[in-house]
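Examination of the molecular architecture
Here is what each chain is made of, one letter per residue.
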Amino acid sequence: MEGDFSVCRNCKRHVVSANFTLHEAYCLRFLVLCPECEEPVPKETTEEHCKVEHQQVGCTMCQQSMQKSSLEFHKANECQERPVECKFCKLDMQLSKLELHESYCGSRTELCQGCGQFIMHRMLAQHRDVCRSEQAQLGKETSPDPGKCLSIMVAAALSAHLWP
């Protein structure tokens, strides 16, 4: 298949050999490579392309300066001040503050209806699994032993390195 394509000297793209002569003539006459992004751009709109696509703008969340064409990706994926949701309380906050917030928020406790123990939010899902399995073993009428349930959770947390 290599012989079926040729590389255009102007835009550096692979072009089917059957169309190569026509493509290269058109490309050399009407297109130039943008010095910033190296994309083929019509000669008459090169200046406008550079102003629009490569204009320096500031992120409204973190004030970092970047090219306008990169701003959307930055805001969605890179900005440390973009809003993200806490996995415990579901509130939106800045990514730069999330770790500290989740450390605090995950340490809050909630009463387990199954065993009556106060369980940290970060361990609640794991605890409910343990608590449910104990309830299933004991039967629905009897609630599990809170001390036993808590000791199972502490052992599980220590082995999973979840304990602060």
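Per an unreviewed UniProt entry, the protein chain goes by XIAP associated factor 1 and derives from Pan paniscus.

Before going further, it helps to spend a moment on helix H4 (residues 95-107). Because an α-helix completes one turn every 3.6 residues, residues spaced three or four positions apart along the sequence face the same direction. Here H4 contains 13 residues, and its C-alpha end-to-end distance of 19 Å stays within 8% of the 18 Å for a straight helix at 1.5 Å per residue. Buried within H4 are the following residues: Leu 98, His 101, Glu 102, Cys 105 and Gly 106. Taken together, the buried residues of H4 touch strand S7 (83-85), strand S8 (92-94) and strand S10 (118-120).

This next bit is on the pattern of salt bridges. The tally for this structure, following the rule as stated, stands at five salt bridges. Residue Glu 24 is joined to Arg 9 by a salt bridge in which the shortest nitrogen-to-oxygen separation is 3.0 Å. Of this pair, Glu 24 sits in helix H1 (residues 20-30) while Arg 9 sits in the loop between strand S1 (5-7) and strand S2 (14-16), placing them 15 residues apart in sequence. Between Asp 129 and Arg 132 there is a salt bridge whose closest N-O contact spans 3.7 Å. Pair noted here: Asp 129 and Arg 132 are both in helix H5 (residues 124-138), with a separation of three residues, about one helical turn. Taking relative accessible area as the criterion, Arg 132 reaches 51% and is therefore assigned exposed.

This part is about the environment of Arg 122. Relative to the assigned elements, Arg 122 resides in the loop between S10 and H5. The exposure class assigned to Arg 122 is partly exposed, which follows from its relative accessible area of 22%. With 14 residues separating them in the primary sequence, Arg 122 and Arg 108 have C-alpha atoms 8.3 Å apart. In terms of polar contacts, Arg 122 uses its side chain to reach the backbone carbonyl oxygen of Ser 103, at 2.9 Å.

Rules of the game
Residues numbered from 1 in each chain as written. Predicted model: local features only at pLDDT ≥ 70, side-chain atom pairs only at ≥ 80, totals over all residues. Heavy atoms only, no water. Helix = DSSP H or I, 4+ residues; strand = E, 2+ residues; numbered from the N terminus. Expected span 1.5 Å × (residues − 1). Buried < 20%, exposed > 50% of the residue type's maximum accessible area, 1.4 Å probe, protein only. Contact = heavy atoms within 4.5 Å. Salt bridge = Lys/Arg side-chain N within 4 Å of Asp/Glu carboxyl O. Polar contact = N/O pair within 3.5 Å; in protein donor to acceptor, adjacent residues only side chain to side chain.

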